[in-house]
Amino acid sequence: MPKEVFILSHAVFGTIGALAAVWVFVEALNIHQENVTRIKYMSLVVALSVWLSYLVGGYFYVKFYGVTDKTIILAGPWPWAHKFAMEVKEHVFFILLVLATYLPIAVRDPHLLGEKGNKSLVLTVSGLVMLLVMAMDGYGALIIMGAKQGLLAR
Amino acid sequence: MQNTLSRFNAGFGLATAIIIILTSVLLVIKEVNKGLKGWFAGLSGHHWTTHGVLTILAFVILGLLLSQIRLEEKWDAKKLAVVILTATILGGLIVTIFFLVH
């Protein structure tokens, strides 16, 4: 399988995760009996998408990135695209993964409808997932630009 | 105080905050201590893979343990939201600042 499949799947699953997190956030803003089931299903989509993004992105990172892209970036004019952007991305992803795994647990609390604090909790976690996926997208763009700069400088 | 959280929500919520800080601190320790980084790499073939497996294992184990200590009797959801938000900001700052100065 071409290695590009893994990196493109990583971005696609991440984007689905972000969209699902926005969905959960908006539904939670107007939470009522009728949309609780949707919130529960979409929180699973968030967790599943972020996990798939982590697994395929991680496979690409461990198997291919170090031997090709990293070498090109470090030899090019934007070495910080690896030394800063990639290093931060690969480790902040653990924070995102833990939050996305916790979200389905938070929305399954039986007190979700009756207690306003639970709504704030779901808004906080889904909002953080949303922002962190967007940050991952931004870092991903910087890494791609770093590789492009490296190739152009050859 | 009337409970406003289920025990799993309280336990895994606090575990989320603790693990976010621990995984960020582990990154700093791992990057500073090359011996530990090499040991991590030896365990799974790559230090990042081992770091990820440890993070998830610790999250599950800590979440299950904290779910047993009746945290929901002392904590409410708003307090948990503030703790998770603070931990995420702190964890993000630890990772970002470390690589800015490293």
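That block above? That's the structure.
Since the model is a prediction, treat every value here as computed from it, not as a measurement. (Residues numbered from 1 in each chain as written. Chains lettered and ligands numbered in written order. Predicted model: local features only at pLDDT ≥ 70, side-chain atom pairs only at ≥ 80, totals over all residues. Heavy atoms only, no water.)

> I'm lost on the overall build of chain A in this one. Help?
If you tally the helices and strands in chain A, you get five helices and zero strands. Element order for chain A, N to C, with α for helix and β for strand: α-α-α-α-α. Dimensions along the principal axes, computed over C-alpha positions, put chain A at roughly 60 × 30 × 20 Å. In chain A, which comprises 154 residues, the share counted as buried stands at 51%. Residue pairs at least 24 apart in sequence account for 79% of intrachain contacts in chain A once pairs closer than 6 positions are excluded. By element, 70% of the accessible surface of chain A is carried by carbon and sulfur atoms, the whole surface being about 7,100 Å². (Helix = DSSP H or I, 4+ residues; strand = E, 2+ residues; numbered from the N terminus. Buried < 20%, exposed > 50% of the residue type's maximum accessible area, 1.4 Å probe, protein only. Contact = heavy atoms within 4.5 Å. Areas by Shrake-Rupley, 256 points an atom, 1.4 Å probe, with all protein chains shown as cover.)

> Can you help me understand the nonpolar core in this one?
The nonpolar side chains of soluble globular proteins are, as a tendency, buried together. Counting 73 residues, the largest nonpolar core has V46, L99, Y102 and L121 of chain A together with I84 of chain B as the members making the most contacts within it. Secondary structure elements with two or more residues in this core: α1 (3-29), α2 (36-65), α4 (80-107) and α5 (116-152) of chain A together with α1 (7-32), α3 (47-66) and α4 (77-101) of chain B. Tallying contributions element by element places α4 of chain A first for this core, with 18 residues. Once you skip the residues sitting within four places of it in the chain, I84 of chain B turns out to touch L99, Y102, L121, V125 and L128 of chain A together with G13 and A17 of chain B. (Core = buried A, V, L, I, M, F, W, Y, C linked by side-chain atoms within 4.5 Å.)

> Got a minute to help me understand the interface of chain A and chain B in this structure?
Think of interface size as the accessible area that goes away when the parts come together; that is how it is often given. Contacts between the two partners involve 33 residues from chain A, matched on the other side by 39 residues from chain B. Buried area between chain A and chain B, summed over both chains or domains, comes out near 2,900 Å², and the portion from carbon and sulfur atoms is 78%. Joining chain A to chain B, the criterion identifies zero salt bridges. Counting across the chain A and chain B interface gives six residue pairs in polar contact (both at pLDDT 80 or more). Breaking the side of chain A that touches chain B down by element, the ones donating at least two residues are α2, α4 and α5 of chain A. When residues in the side of chain A that touches chain B are grouped by element, the largest group, 16 residues, is from α4 of chain A. Considered class by class, the residues forming the side of chain A that touches chain B number 20 nonpolar, eight polar and five charged. (Buried area = accessible area lost by both parts, 1.4 Å probe. Salt bridge = Lys/Arg side-chain N within 4 Å of Asp/Glu carboxyl O. Polar contact = N/O pair within 3.5 Å; in protein donor to acceptor, adjacent residues only side chain to side chain. Nonpolar A, V, L, I, M, F, W, Y, C, P; charged D, E, K, R; others polar.)

> Just to check I follow, could you spell out the environment of Y102 of chain A for this structure?
Structurally, the position occupied by Y102 of chain A is in helix α4. Sequence separation of Y102 of chain A and V125 of chain A is 23 residues, and the distance between their C-alpha atoms is 8.2 Å. When sequence neighbours within four positions are dropped, the list of residues in contact with Y102 of chain A reads L121 and V125 of chain A together with N9, F12, G13, T16, F59, L80 and I84 of chain B.

> Please clarify how the packing of α4 of chain A against α3 of chain B should be interpreted in this entry.
The geometry of a pair of packed helices is captured by two quantities: the angle between their axes and the separation between those axes. Relative to each other, α4 of chain A and α3 of chain B sit at 25 degrees, their axes nearing to 11 Å. Between α4 of chain A and α3 of chain B, the interaxial angle falls into the category roughly parallel. In the packing of α4 of chain A onto α3 of chain B, the handedness of the crossing is right-handed. Where α4 of chain A approaches α3 of chain B, its residues E90, H91, F94, L97, V98, T101 and Y102 of chain A are matched on the opposing element by H47, W48, H51, G52, T55, I56 and F59 of chain B. Counted by class, the contact of α4 of chain A with α3 of chain B contains seven nonpolar, six polar and one charged residues. (Axes fitted to C-alpha atoms, helices over the stretch in contact; angles between N-to-C directions. Parallel < 35°, antiparallel > 145°, perpendicular 65-115°, else oblique. Left-handed = near helix turned anticlockwise from the far one by under 90°.)

> Looking at this model, I keep getting lost on the layout of surface pockets. Mind explaining?
With a probe scaled to a water molecule rolled over the atoms, the places where space remains empty come into view. Residue and element names in this part refer to chain A. Here the largest pocket is characterised by a volume of approximately 670 Å³. In this structure, the largest pocket is lined by 31 residues; those nearest its centre are I7, H10, K89, G140 and I144. Elements with a contribution of two residues or more to the lining of the largest pocket: α1, α2, α3 (69-75), α4 and α5. Here the lining of the largest pocket is built from residues that sort into 19 nonpolar, six polar and six charged. In this model, the second largest pocket occupies a volume close to 280 Å³. (1 Å grid on protein atoms, 1.4 Å probe; cavity = no way out; pocket = protein on both sides within 12 Å on 5 of 7 lines; lining within 4 Å. Points joined across faces, edges and corners; volume = space filled by probe spheres on them.)

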